[in-house]
Amino acid sequence: MIGQHRLPPLDFGLSPETGFTRAHWESVADAMVASAWEWSSPRGARIDLPGRASASGVRSDGLEGFARTFLAAAFRVAGAHGEDPHDWMGRYARGLVAGTRTPGVEDAESWPWIRDYDVFGQPMVESASIALGLRLTRPWLWDRLSLEEQDGVIVWLRGALVSVPAPNNWYLFPFTVAGFLESVGCGDGLTSRVQERARRLLDDWYVGQGWYADGDGGSFDHYNGWALHLYPVLDEFMAARERHHDRHVAPSRWSARLREHLSGFSHLFASDGAPVYFGRSMTYRFATSAAVGLGAATGATPLPPGASRRILSGNLRYFLDRGAFDGRGLLGMGWHREHAATLQSYSGPASPYWASKAFVALLAPADHPLWSQIEEPAPVEISDHVVALEAPGLLVQSTRDDGIVRLHNHGSDHLREVNGEAGSVTDPLYSRCAYSSHSGPTSGRNQPDNALTVDWRGVRGERTRIRALGAGTEDGLGWAASWHRPIFPGRAASCPGLKVTSVVVVHGTAEVRIHVIEGAPEGASVQSSGWATPVENDAGVTSTLLPLVGWTDTGDVRAPEGTAFGTSARVPRLEAPLVSDQRQVFVSLASLAGADVSAETTELRARVEELSVDGKQVSFRWRGQETIVTVGLDPVRVTAHRGGAL
């Protein structure tokens, strides 16, 4: 049930794991849109959902409600070749006309004008959803408007072309508006320049392995799928259909990059459908699967159709089964349910409806293999995997027995190249050393999870800019490494010479964490923390952090604000004093595992054998493995004794 809307019976013949078919996706889209429309303005230009207003204000929030639900309705109707049993296109057409008749007027219907991102920018974001929805549904909405009504919409949309976007994926919003205007014969030199500008920036931001930085710098997160791939690939897909009336698209750099992205990204979904929780805007929930649906619908995917549907439907069901929709059928502001610490200042009651991007999968028609073939296992269900994404500095570690996916972060820091580190504040959504499908980062006001911090004179040194040192895999083993200079907020920007080098080596559910600290000031100490798990532990996972070398104190700390997975969290922590101006090596053993496969503390410790540490290297052997792993520390290099770099 979504509010008062009942979903079709599950079909475990076609979908052995999830029971979901295309009919379920259509039904969820219809229920989501219908429930939101209960909160529409009289003429339907705004959907004013209940809840805390965003920083942009209630008028912008109402536009956001219209635009984001329109996107879900557009995918629904376009994928059904215009079949529209609920007259979504009629409703949105009336709202579109009402919103653009007198933009900027302070009334119940008129939309705000589109301005620069730092003045009043949110309408630019929503203009892309409106333009994309109009392009998808042109025969059933746009072509039925009068010329006067179309002119009103065009005048409003063109504001996106002349306003300044935020210096990141926002450049794809005017790009998408320009693509729609060109598709309806309203292109000009400005639309061409806007599109070429976005394509040039995408090429600049591309780092390899299918990953884009979200602007200049080192910001990697789910915006890769639901924005940086979605808009250019859809533009290409729709342009080909408009030219050739054909859904097939010739390969291009955009589709090739999406295909490569999915070869690694498909490993970021747990067996219960949960995506890895990392980066901002996670209240968009099942939009995390948008890239998978986009690849399947456009043919730009390495995944079999049944595996794509397994990931997509598993992801959608994950949130349906955990209360993402409240009793009114509305998406709450949180993850499973409401959770204030999940949100950003730009989040408002309608923000979660960017989840609509998951319904891009409906562009694959009913007879498409995505919907007609039997569900196949997702990568995490086939075997344990370790996937090195060296380009963004990430390492994926998944285990079949408990279905958990862990993401080790040694490259994403959310800092722009033009910004210095001094005075910057750590962001829990980017600065932590690891994230997972079954645990979330703690609040910036609580004990940090998965962090290495140097504490000095009562101030915690923050991990801000992350310098990646590499990542690699071999024979089920994997590693990633980086270094950073801790920043002490409120004090000097940094301590000259202070440097932290971090290396993680993983196998199965276990992680050997190595930290080298140089140049510590007098009186400093160091802390290392493990995975944060809910005190109630509804997720059924166990977090362990054991000292191996250098640590002197152990214990657990509460994070009262909890995580997106629970209202209060437990964080294991290690501590030790630092000796000023000396090089010290600290080694620990961490694990996040399902409760039914978790090892006892003594058993976990026994998984590391023949451990040897000196100032230049760490070596050890995983129990049951013949290979001796050697981690060189200056420079960082991970090798196996039987030959070859990992």
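Below is a short write-up of the structure. (Residues numbered from 1 in each chain as written. Predicted model: local features only at pLDDT ≥ 70, side-chain atom pairs only at ≥ 80, totals over all residues. Heavy atoms only, no water.)

### Section: the sheet that holds strand β12 (residues 510–518)
Sheet strands associate in pairs through backbone hydrogen bonding, adopting either a parallel or an antiparallel arrangement. Strands sit in the order β9-β10-β11-β12-β18-β15 across an open sheet of six strands; the sheet is antiparallel. This sheet does not close on itself; its edge strands, each paired only once, are β9 (467–474) and β15 (541–549). Adjacent strand axes in the sheet meet at a mean angle of 15 degrees, parallel and antiparallel pairs treated alike. Where β9 lies against strand β10 (residues 477–484), seven bridges are found, and the strand directions are antiparallel. Considered in β10, the bridge of Ala 471 is made with Ala 480. (Pairing = 2+ DSSP bridges. Helix = DSSP H or I, 4+ residues; strand = E, 2+ residues; numbered from the N terminus. Axes fitted to C-alpha atoms, helices over the stretch in contact; angles between N-to-C directions.)

### A few points about the sheet that holds strand β6 (residues 434–436)
Reading across the sheet, the four strands line up as β3-β4-β5-β6 and stay open at both edges, with antiparallel pairing between neighbours. Of all the strands in the sheet, the pair left with one neighbour each is β3 (385–389) and β6. The sheet shows a mean angle of 15 degrees between the axes of neighbouring strands, direction not considered.

### Thoughts on the packing of helix α3 (residues 88–101) against helix α6 (residues 147–157)
For any two helices packed against each other, the geometry comes down to the angle between their axes and how far apart the axes lie. Relative to each other, α3 and α6 sit at 60 degrees, their axes nearing to 9 Å. Taken together, α3 and α6 sit at an angle that is classed as oblique. Crossing angle aside, the handedness with which α3 passes α6 is left-handed. Along the contact surface, α3 presents Leu 96, Val 97 and Thr 100, while α6 presents Glu 149, Gly 152, Val 153 and Trp 156. (Parallel < 35°, antiparallel > 145°, perpendicular 65-115°, else oblique. Left-handed = near helix turned anticlockwise from the far one by under 90°. Contact = heavy atoms within 4.5 Å.)

### Focus on helix α12 (residues 290–298)
For α12, the buried fraction is high: nine of the nine residues fall into the buried class. Along α12, the positions that sit buried rather than exposed are Ala 290, Ala 291, Val 292, Gly 293, Leu 294, Gly 295, Ala 296, Ala 297 and Thr 298. In this fold, the buried residues of α12 make contact with α10 (223–244), α11 (253–265), α13 (305–320) and α14 (369–372). Positive backbone phi, approximately 85 degrees, marks Gly 299, located one or two places after α12. (Buried < 20%, exposed > 50% of the residue type's maximum accessible area, 1.4 Å probe, protein only.)

### A closer look at the packing of aromatic side chains
In total, this model carries 31 aromatic pairs according to the counting rule given. Pairing Trp 551 with Phe 586 gives two aromatic rings, centres 4.8 Å apart and planes at 45 degrees, and the pair type is tilted. Pair noted here: Trp 551 is in the loop between β15 and β16 (553–559) and Phe 586 is in strand β18 (residues 584–594), with a separation of 35 residues, a long-range link. Taken individually, Trp 551 and Phe 586 each receive the classification buried, so the pair is uniform in this respect. Its end group placed over the ring of Trp 37, Arg 91 keeps NZ or CZ at 5.8 Å from the ring centre. Over the ring of Trp 483 we find Arg 467; its NZ or CZ atom is 4.5 Å from the centre of that ring. (Phe/Tyr/Trp six-rings, centres within 6.5 Å; stacked < 30°, edge-to-face > 60°. Lys NZ or Arg CZ within 6 Å of the ring centre and 35° of its normal.)

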